[in-house]
Amino acid sequence: MSIKFNANEIRYIALFESMTGAMVKDCIIDEDNGKVTFVVKNGDMGLAIGKGGSTVTKVQKAVDKGVEIIEHSEDSTEFIKNLMAPAELKSIKVLQKESKEKVATVVADSTNKRIAIGKNGHNIERAKLLAKRQHNISNIILK
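Throughout what follows, the structure given in this document is the object of discussion. (Residues numbered from 1 in each chain as written. Predicted model: local features only at pLDDT ≥ 70, side-chain atom pairs only at ≥ 80, totals over all residues. Heavy atoms only, no water.)

Time to look at the environment of Glu17. Along the chain, Glu17 falls in helix H1 (residues 7-20). What makes Glu17 partly exposed here is its relative accessible area of 30%. Taking the C-alpha atoms as reference points, Glu17 and Val40, 23 residues apart in sequence, are found 9.4 Å from one another. (Helix = DSSP H or I, 4+ residues; strand = E, 2+ residues; numbered from the N terminus. Buried < 20%, exposed > 50% of the residue type's maximum accessible area, 1.4 Å probe, protein only.)

Here it is, written out as structure tokens:
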């Protein structure tokens, strides 16, 4: 599945890559919450954040929004773990149903469940969207 970026996303990706040197695999602009989420290539997290968070801080000032950075992984369970951070998860299982639909079941204790869901369900919705775009996982079920 290829992702189609709009002009704004393309602009943010170009800005982010030129400021950080990290390669962006995905980008979501959340105007309602004033946030931009970048998914960076596996191994580019350090470049994206910079020493003591200096690079990400510069990017935040440049885009005038909160910036979230998630490290990509070819491994779908590892990617879901990255999506849910800083929540600590007990387990992640990705199952493919007979319909070929992939569903991830994530288990966390109540404190970490709240972190994973986020304010107004923001974190879990973002995680579902990115899991779908990057690994074709149609749903994330939190238990």
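What follows covers the environment of Thr111. By the secondary structure assignment, Thr111 is in helix H5 (residues 110-117). Assessed through its relative accessible area of 44%, Thr111 is described here as partly exposed. In the structure, Thr111 is positioned 23 residues away from Glu88 in sequence and 9.1 Å away in space, judged by C-alpha atoms.

Here we take up the packing of aromatic side chains. What the rule picks out here adds up to one aromatic pair. Relative to Phe38, the ring of Phe16 lies with its centre 4.1 Å away and its plane at 20 degrees, an arrangement referred to as stacked. In this pair, Phe16 sits in helix H1 while Phe38 sits in strand S2 (residues 35-40), placing the two residues 22 residues apart along the sequence. The class for Phe38 is buried, based on a relative accessible area of 0%. (Phe/Tyr/Trp six-rings, centres within 6.5 Å; stacked < 30°, edge-to-face > 60°.)

Once that is clear, we can look at the pattern of salt bridges. Scanning all chains against the criterion turns up six salt bridges. For Lys65, the salt bridge identified is with Glu31, shortest N-O distance 3.3 Å. One end of the pair, Lys65, is in the loop between helix H3 (54-63) and strand S3 (66-71); the other, Glu31, is in the loop between strand S1 (24-30) and S2, and 34 residues separate them in sequence. For Lys65, a relative accessible area of 16% gives the class buried. Across the pair Glu68 and Lys35 runs a salt bridge, and its minimum N-O distance is 3.6 Å. Here Glu68 is found in strand S3, whereas its partner Lys35 is found in strand S2, with 33 residues between them in sequence. You can call Glu68 buried: its relative accessible area is 17%. Residues joined in a network through salt bridges with shared partners are Lys35, Glu68 and Arg126. (Salt bridge = Lys/Arg side-chain N within 4 Å of Asp/Glu carboxyl O.)

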